[in-house]
Amino acid sequence: MRSKTWLVARHEFAVTIGRLGFRIFAAAVPVLALLALIGIGVFDAVRGGDEPSSSGGEPTAGVARVGYVDLSAGEDGQPLFMSFREQDGVVFVPYADEAAGSAALQAEEIDALYVFPFDFLETGSVVRVRMEDSGGGAGADALRRFVLSNLIAEEVSEQQLQRVIRPYSVSTVELSESGATVEEDGFDGGEFLFSFGAGMLLLVSVLTAAGYLLQGLSEEKENRIMEVLLSSLKPEQLMFGKLLGLGGAGLLQMAVWTAALVAFLLALGRIVDLPVELSAPSVETLGVALAYFLLGYALLGTVQAALGVVTTNQKEANNIAVFVVLPAVSPMWFLAVLIEHPDGVLARVLSYVPFTAPLTGLIRFGTGGTGLGEVALSLGVLAVFTALAVLLTARLFRAYLLVYGQRPGVRHILRTLWSG
Amino acid sequence: MTATAAITPTVRADSLWKRFGGHVAVRDVSLSLDPGEVVGLVGPNGAGKTTTIRMLLDILRPDEGAVSVFGAPISPQAQSRIGYLPEERGLYRSLRVIPNMLYLAELKGMQREHALRRADELFTLLGLEPHRGKKISELSRGLGQLVQFAATILHEPAFIVLDEPFSGLDPVNVRVMKNAVSRLRREGAAIMFSTHQMTDVEELCDRVIMIDGGAVVLDGPLVDIKRRFAGNDLFVATDLDPQGTDGVTASRRDGAGYAVRLAEGSAPEDVLRSLLERGAKIDRFELATPSLEEIFLRVVGREQAEAERDEE
């Protein structure tokens, strides 16, 4: 005989992902990310993607060949731009004059044409020619590298050239009162953005799944199907089945959102210059996000299930659920402090408070404010608290699943929690 | 010498007690059902019927006493052979009929394919075929009730509990469901049937268990109970008013005959003899048995009166 817990889980999963609301909600993030990318791409193209930027970035995605006409002349009378024609995947194709370049542009052999005038050295002016309504152009960084390399590569060493292109990268060393020094991990913008975004999505996903759990339980109590279910299975099987099924749905939603977030961040980095380096999240970050999701969902879902059992209808349950949701989102109120002092007292405390641990832990891990050891401890505390919550909620399930129409008193609930 | 094979009761409860706080909901209830038996569980509101049923189904644990189903303490395997139609009915309103039934059937251990085949049979039997693709929210209350009845018996249970199964049904669907119940009994299922409609109990049940104040106040075959409560009343279809006949204290016209009250210590056969001696022509002479409703009112009324006297 198949496990009844599994049957309940499968049913809950199927019902949840079958909800129109769930599908719309799950698709919302990828769609919004796509729209955002399109919007940013259009804005960047309109603004002009070749404005110099203060830091590095990838060339514009999809631009492989741009043309240029070099009318300039150096002090020796020779043209300035004769070398370094491949920069960051962008090929700079020389043309003898603007007419030839324009013809190539019209023939779509190149995406844009840059004309360096004879007085370029004096003025720094460059004319970009592109087809009407197109966003063609070399990425700002590629053009900058092309120009700088041709101007000074022969005058300086390769290392000096790199320092001109990207002057410095700051890392911080902190001195403790005892004189010991601790080198901070380099701030990885991609990791931080992923962790922060994943934290937010985790919270929304967890609260959504837990909300469905609360809704389902209230419905089953209100429409009295609970009694039929309990003639076929144990309250604990029902509870675990619901947690698993809705957790699976939440995990699916989280996976869709995470994939969308990662794709968005990577694509964003290729379209525009960001003030931070972006990279795909590491396996550790993904693992930490998954662990916090699972335990965070298990805790919040269990507590929401408990609320669903001791309340008489969905409206009442939703009202009380606010007291669970607020602590879970509370790390957002201290976001600035958490980012500025990810290893501070507040950050540490919030990492060990079960309801605030998932979001805090992810933000701290993303900013490099905590190591895997501390994350493991935070997850351990969360796991123990969650196990306790599951145990106590199972007692409430046994006692109150068939209590209709009247909410048990607080003292009665406490007595049930204590004695089972 | 003949040996009688002992029949294992389908369900048996021994001295069940259940308290909620200071309130005793069920006190010392013992009962049993045999295969193929239809038992009516009757009693006033709040008598403890639902609590008793929940303990029989292991939804609630008794504080004292024990329940055995199919000869052993209730187990997941035993649960899969039980069908329960609760008084407060409900299915997943946003789901269609088939997924609702499949889910409940799978929880009873049925394979999906088997459940689907069996659902087809029941749809035909209960006239639900046109509604199989509808959502529960699209069905009328009566049709929803028939669907839930179908879900209750889909897995071919050997012990079925029907709590007020006919409430809200039109006469046609009541007949459909009663026929289905009769069929289940013929197939050997033990059926516990809780209702306030005494006429339904009289029509369907072999035995009656009456609960009041959490305790069993009557338990026995319907015929025996009626005989026990028959008392001193007769119905006589005759051309002569029995008033004045020896052993008769009162007589009144009742349709085509007379309702006759016997004197204390008189036997019906003495009255019959006296009437014949008086030259009466008799078409019918029978012991007037009370309806179950009358018995119910007498027993529950007496219990209530005793309870009130105890309180005083």
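Residues numbered from 1 in each chain as written. Chains lettered and ligands numbered in written order. Predicted model: local features only at pLDDT ≥ 70, side-chain atom pairs only at ≥ 80, totals over all residues. Heavy atoms only, no water.

## Some thoughts on the overall build of chain B
- Across its full length, chain B holds ten helices and 14 strands.
- Burial status across chain B gives 50% buried among its 312 residues.
- Within chain B, residue pairs in contact and separated by at least 24 positions form 66% of the contacts whose partners lie at least 6 positions apart.
- For chain B, the accessible area works out to roughly 14,900 Å², and carbon and sulfur atoms hold 48% of it. (Helix = DSSP H or I, 4+ residues; strand = E, 2+ residues; numbered from the N terminus. Buried < 20%, exposed > 50% of the residue type's maximum accessible area, 1.4 Å probe, protein only. Contact = heavy atoms within 4.5 Å. Areas by Shrake-Rupley, 256 points an atom, 1.4 Å probe, with all protein chains shown as cover.)

## Quick notes on unusual backbone geometry
- One non-glycine residue, A:F84, adopts positive backbone phi at about 50°.
- Structurally, A:F84 is set in the loop between β1 (65-70) and β2 (86-87).
- Backbone geometry at B:S15 places phi at a positive 50°, although glycine is not the residue there.
- Secondary-structure assignment places B:S15 in strand β1 (residues 11-20).
- Assessed through its relative accessible area of 32%, B:S15 is described here as partly exposed.

## So, the pairing of strand β2 (residues 23-33) of chain B
All names here are of chain B.
- Inspection of the sheet shows β1 paired to β2 by seven bridges, in the antiparallel sense. Bridge pairing links A13 to L31 in β2.
- Hairpin remark: β1 followed by β2, antiparallel, with two residues in the connecting loop; positive phi at G21, about 65°. (Pairing = 2+ DSSP bridges.)

## As for the interface of chain B and chain A
- Listed by partner, the interface residues are 26 residues for chain B and 22 residues for chain A.
- Around 2,400 Å² of area is buried between chain B and chain A when both sides are counted, 56% of it from carbon and sulfur atoms.
- Among the residues of chain B in contact with chain A, B:Y92, B:Y103 and B:L107 are the three that bury the most area, contributing 27% of the side total.
- The tally of links from chain B across to chain A stands at three salt bridges.
- Its salt-bridge partner being B:E106, residue A:R10 comes within 2.5 Å of it at the nearest N-O pair.
- Across the chain B-chain A interface, the total number found is seven residue pairs in polar contact (both at pLDDT 80 or more).
- Within the residue set of the side of chain B that touches chain A, elements represented by two or more residues are α1 (49-56), α2 (76-79) and α3 (97-107) of chain B.
- Residues of the side of chain B that touches chain A, tallied by class, amount to eleven nonpolar, seven polar and eight charged. (Buried area = accessible area lost by both parts, 1.4 Å probe. Salt bridge = Lys/Arg side-chain N within 4 Å of Asp/Glu carboxyl O. Polar contact = N/O pair within 3.5 Å; in protein donor to acceptor, adjacent residues only side chain to side chain. Nonpolar A, V, L, I, M, F, W, Y, C, P; charged D, E, K, R; others polar.)

## What to know about the confidence of the model for chain B
Residues and elements named next belong to chain B.
- On average, residues of chain B carry a pLDDT of 89, and 95% of them reach 70 or more.
- Per-element mean pLDDT across chain B ranges from 73 in helix α10 (residues 292-311) up to 95 in strand β4 (residues 64-69).
- Scoring the predicted complex yields pTM 0.69 and, for the interface, ipTM 0.80. (pLDDT = per-residue confidence, 0-100.)

## Let's talk about the packing of helix α9 (residues 235-271) of chain A against helix α15 (residues 372-400) of chain A
All names here are of chain A.
- Contact pair α9 / α15: the axes reach a minimum separation of 9 Å and the direction vectors enclose 125°. What the angle tells us is that α9 and α15 run oblique. For the element pair α9 and α15, the recorded crossing hand is right-handed. Packed against α9, whose contacting residues are P235, E236, L238, M239 and F240, the element α15 presents V390, T393, A394, F397 and R398 at the interface.
- Among the residues making up the contact of α9 with α15, the classes are represented as seven nonpolar, one polar and two charged. (Axes fitted to C-alpha atoms, helices over the stretch in contact; angles between N-to-C directions. Parallel < 35°, antiparallel > 145°, perpendicular 65-115°, else oblique. Left-handed = near helix turned anticlockwise from the far one by under 90°.)

## Observations regarding the pattern of salt bridges
- Enumeration over the complete set of coordinates arrives at 28 salt bridges over all chains.
- Between B:R132 and B:D120 there is a salt bridge, with its nearest N and O atoms 2.5 Å apart. Of this pair, B:R132 sits in the loop between α4 (112-126) and α5 (141-153) while B:D120 sits in helix α4, placing them twelve residues apart in sequence.
- With relative accessibility at 24%, the residue B:R132 sits in the partly exposed group.
- Using a relative accessible area of 32% as the deciding quantity, one classes B:D120 as partly exposed.
- Between B:R175 and B:E203 there is a salt bridge; the shortest N-O distance is 3.0 Å. Residue B:R175 is found in helix α6 (residues 171-186), and its partner B:E203 is found in helix α7 (residues 198-204); the two are separated by 28 residues along the sequence.
- One connected set of salt bridges, linked through shared partners, spans A:D343, A:R348, A:R364 and A:E374.

## Focus: a negative patch on the surface
- A contiguous patch of negative charge on the surface is contributed by A:E75, A:D76, A:E154 and A:E155.
- Tracing the backbone shows A:E75 in the loop between β1 and β2. (Patch = residues over 30% accessible without salt bridge, like charges linked within 9 Å, V, L, I, M, F, W, Y side chains within 5 Å. Lys, Arg positive; Asp, Glu negative; His and termini not counted. Charge placed at Lys NZ, Arg CZ, Asp CG, Glu CD.)

## As for the sheet that holds strand β11 (residues 233-238) of chain B
All names here are of chain B.
- With antiparallel pairing, the four strands of this open sheet are ordered in space as β12-β13-β11-β14. Sheet topology places β12 (248-254) and β14 (282-287) at the edges, where each strand pairs with a single neighbour. Each strand of the sheet is rotated relative to its neighbour by a mean of 20°, with strand direction disregarded.
- In this fold helix α9 (residues 268-277) packs onto β11, β12, β13 (257-262) and β14, with an angle of close to 165° to the strand it touches most, β14.

## A look at the environment of B:L262
Residue and element names in this part refer to chain B.
- Mapped onto the elements, L262 comes out in strand β13.
- Along the backbone, L262 and L234 are 28 residues apart, and their C-alpha atoms lie at a distance of 7.5 Å.
- If near-sequence neighbours (up to four positions away) are discounted, L262 is found in contact with N232, L234, G247, T249, A267, P268 and V271.

## Some thoughts on the side chain of A:T16
Residue and element names in this part refer to chain A.
- Within the element layout of this structure, T16 appears in helix α1 (residues 4-18).
- Look at T16 and you get buried, because its relative accessible area is 1%.
- If we skip the residues at most four places from it in the chain, T16 touches F22, Y212, L246 and A249.

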